[in-house]
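Coordinates in review
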Amino acid sequence: MPNPKLAADLPLNSDTIELLKGVSTATVATLLYKKGFKSCFIQGVGPLQADTKRMVGPAFTLRYIAAREDTDPIEAFRETDHPQRVAIETCPEGSVLVMDCRQDSTAASAGSILLTRLEGRGGAGVVTDGGIRDAAGAAKLDMPVFAAKASAPTNLTKHHAIDIDVPISCGGAAVYPGDIILGDNDGIMVIPRHLANEIAIEGAPMELFEDFVLEEVKRGVSIIGLYPPTDPDTLTRFEAWKAKS
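Residues numbered from 1 in each chain as written. Predicted model: local features only at pLDDT ≥ 70, side-chain atom pairs only at ≥ 80, totals over all residues. Heavy atoms only, no water.

Section: the sheet that holds strand S5 (residues 108-111)
Put simply, the test is: In short, DSSP must find at least two bridges between two strands for them to pair. Per the convention used, a helix needs a DSSP run of H or I reaching at least four residues, while a strand needs a run of E reaching at least two, with both numbered from the N terminus. Should any heavy atoms of two residues lie within 4.5 Å, those residues are considered in contact. Whenever a helix is involved, its axis is fitted only over the stretch in contact; in every case the axis is a line through C-alpha atoms, and angles between N-to-C directions fall within 0 to 180 degrees.
Spatially, three strands are ordered S5-S7-S9 in an open sheet, and the strand pairing comes out parallel. The open sheet has two free edges, formed respectively by S5 and strand S9 (149-150), since each of these has just one partner strand. One ladder, built from two bridges, connects strand S7 (residues 131-133) with S9; its direction is parallel. Among the inter-strand pairings, Ile 132 is bridged to a residue of S9, identified as Ala 150. Where helix H4 (residues 112-120) meets the sheet, its contacts fall on S5 and S7, and the angle it forms with S5 comes to roughly 60 degrees.

Laid out in structure tokens, this is it:
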């Protein structure tokens, strides 16, 4: 199994990101579970936008440690190398900025001004297990924003930005740079980079089968033998359904 610390540059198939845009976090969670991965869901984080669009992209990370009075005065933002500001200005186009706030949402990890800048630079989205200030403005962005909650206090009151693009923990899940982040209304899944191509290929057929199952349930078919398809006739009907679709 590849070392996740070295996996950031593992190549993705040309269509992996696009395929994953059609796969739900629920499907990804099941596929990862089948491969033995049970701790890839970021806990306590949800979308700021109602009915958010699906978010997919490689992880670009920012790590916070606890703030301290001598390291985090308000003047800290004047530093041109402040890691929070540098992260906004260096997150690659198409990537998801993932922030580790130690699951402390009593202060913000960013606000609408910085996130607007990130959107303008082509960021694919934001995930934080901390708070977001100016949340109403952040929620109006086209770029998906996932956070623990709205939180007015500036990050300097609780969070000291210290590392960029390093392995982090976000919402109890390990996130390595380059891992693929997938978010929807159910939350956020972290797809280990070396599994992304497989998950993308396996996800679309699973989504299609679940569309079929839902139609069957709506017309009154028993779930037993249907989901999972232990009744051989289920797959026969599925193939016929696909042929007509």
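A word on the packing of helix H6 (residues 196-218) against helix H7 (residues 232-244)
Counted only if it meets this: Roughly parallel means an angle under 35 degrees; roughly antiparallel means over 145; roughly perpendicular covers 65 to 115; every other angle is labelled oblique. Three classes are used, and their members are as follows: Ala, Val, Leu, Ile, Met, Phe, Trp, Tyr, Cys and Pro are nonpolar, Asp, Glu, Lys and Arg are charged, and the others, Gly among them, are polar.
As a packed pair, H6 and H7 sit with axes 11 Å apart at the nearest point and diverge in direction by 105 degrees. What the angle tells us is that H6 and H7 run roughly perpendicular. Packed against H6, whose contacting residues are Leu 208, Phe 209, Asp 211, Phe 212, Glu 215 and Glu 216, the element H7 presents Thr 234, Leu 235, Arg 237, Phe 238, Trp 241 and Lys 242 at the interface. Here the contact of H6 with H7 is composed, by residue class, of six nonpolar, one polar and five charged.

Regarding the pairing of strand S4 (residues 96-100)
Here is the rule we go by: A simple rule labels every residue: compare its accessible area, found with a 1.4 Å probe on the protein chains alone, to the largest value its type can have, and call it buried under 20%, exposed over 50%, or partly exposed in between. Viewed with both strands pointing away, a crossover whose connecting path from the first strand over the helix to the second turns clockwise is right-handed.
With five of its five residues buried, S4 lies for the most part within the structure. Two strands pair when backbone bridges link them, and strand S3 (residues 55-66) and S4 are joined in this way by five bridges, in the parallel orientation. For Thr 61, the partnering residue across the bridge sits in S4 and is Val 98. Each parallel crossover has a hand, and for S3 linked through helix H3 (residues 83-90) to S4 it is right-handed. Across four bridges, S4 lies against strand S6 (residues 125-128) in parallel orientation. Looking at S6, one finds that Val 96 is bridged to Gly 125.

Quick notes on the side chain of Asp 179
Note the cut-off: This count recognises Lys and Arg as positive and Asp and Glu as negative, with His and chain-terminal groups excluded. In the sections that follow, a salt bridge refers to a side-chain nitrogen of Lys or Arg positioned within 4 Å of a carboxyl oxygen of Asp or Glu. Two N or O atoms count as a polar contact when they lie within 3.5 Å, although within protein this holds only if one can serve as hydrogen donor and the other as acceptor, and sequence-adjacent residues are included solely when both atoms are side-chain atoms.
Here Asp 179 shows up in the loop between strand S12 (173-175) and strand S13 (180-184). Nearest to the buried, unbridged Asp 179 among oppositely charged side chains is Arg 193, at 7.2 Å. Of the polar contacts made by the side chain of Asp 179, one reaches the backbone nitrogen of Tyr 176; its length is 2.9 Å. Leaving out residues up to four positions away in the same chain, Asp 179 has contacts with Gly 57, Pro 58, Ala 59, Ala 174, Val 190, Ile 191, Pro 192 and Arg 193.

Topic: the packing of aromatic side chains
For clarity, the threshold we go by: Think of it this way: a Phe, Tyr or Trp ring, Trp meaning its six-membered ring, pairs with another when their centres are within 6.5 Å, and the plane angle makes it stacked under 30 degrees, edge-to-face over 60, tilted otherwise.
Per the counting criterion, the structure on display carries five aromatic pairs. Aromatic side chains Phe 209 and Phe 212 sit 6.0 Å apart centroid to centroid with 40 degrees between the ring planes, which places their arrangement in the tilted category. With Phe 209 and Phe 212 both in helix H6 and three residues apart, the pair spans about one turn of that helix. Just as Phe 209 is buried, Phe 212 falls in that class too. Judged by centre distance (5.6 Å) and plane angle (55 degrees), the ring pair of Phe 212 and Trp 241 falls under tilted. Residue Phe 212 is found in helix H6, and its partner Trp 241 is found in helix H7; the two are separated by 29 residues along the sequence.

Some remarks on unusual backbone geometry
Across the junction of Tyr 227 and Pro 228, the peptide omega takes the value 5 degrees, indicating a cis bond. Mapped onto the fold, Pro 228 is located in the loop between H6 and H7. Here Asp 134, not a glycine, exhibits a phi torsion of approximately 50 degrees, which is positive. Inspection of the secondary structure assignment puts Asp 134 in the loop between S7 and helix H5 (135-139). Despite not being glycine, Asp 165 has its phi angle at roughly 55 degrees, a positive value.

Comments concerning the environment of Leu 115
Looking at the element boundaries, Leu 115 is found in helix H4. Overall, Leu 115 belongs to the buried group, its relative accessible area being 0%. Taking the C-alpha atoms as reference points, Leu 115 and Pro 92, 23 residues apart in sequence, are found 14 Å from one another. With sequence-adjacent residues up to four places away left out, Leu 115 is seen in contact with Ala 110, Val 126, Ile 132, Ala 138, Leu 141, Met 143 and Val 145.

Topic: the pattern of salt bridges
This structure, assessed with the given rule, holds 13 salt bridges. Lys 21 serves as the salt-bridge partner of Glu 18, at 3.0 Å between the closest nitrogen and oxygen. Residue classification places Glu 18 among the exposed residues on the basis of a relative accessible area of 52%. Residue class for Lys 21 comes out partly exposed when judged on its relative accessible area of 39%. Two residues, Glu 89 and Arg 117, come together in a salt bridge whose shortest N-O distance is 2.8 Å. Taken together, the residues Glu 89 in helix H3 and Arg 117 in helix H4 connect sequence positions 28 residues apart. Since its relative accessible area comes to 38%, Glu 89 is described here as partly exposed. Taking relative accessible area as the criterion, Arg 117 reaches 42% and is therefore assigned partly exposed. What emerges from the salt-bridge pattern is a single network uniting Glu 216, Arg 219, Asp 233 and Arg 237.

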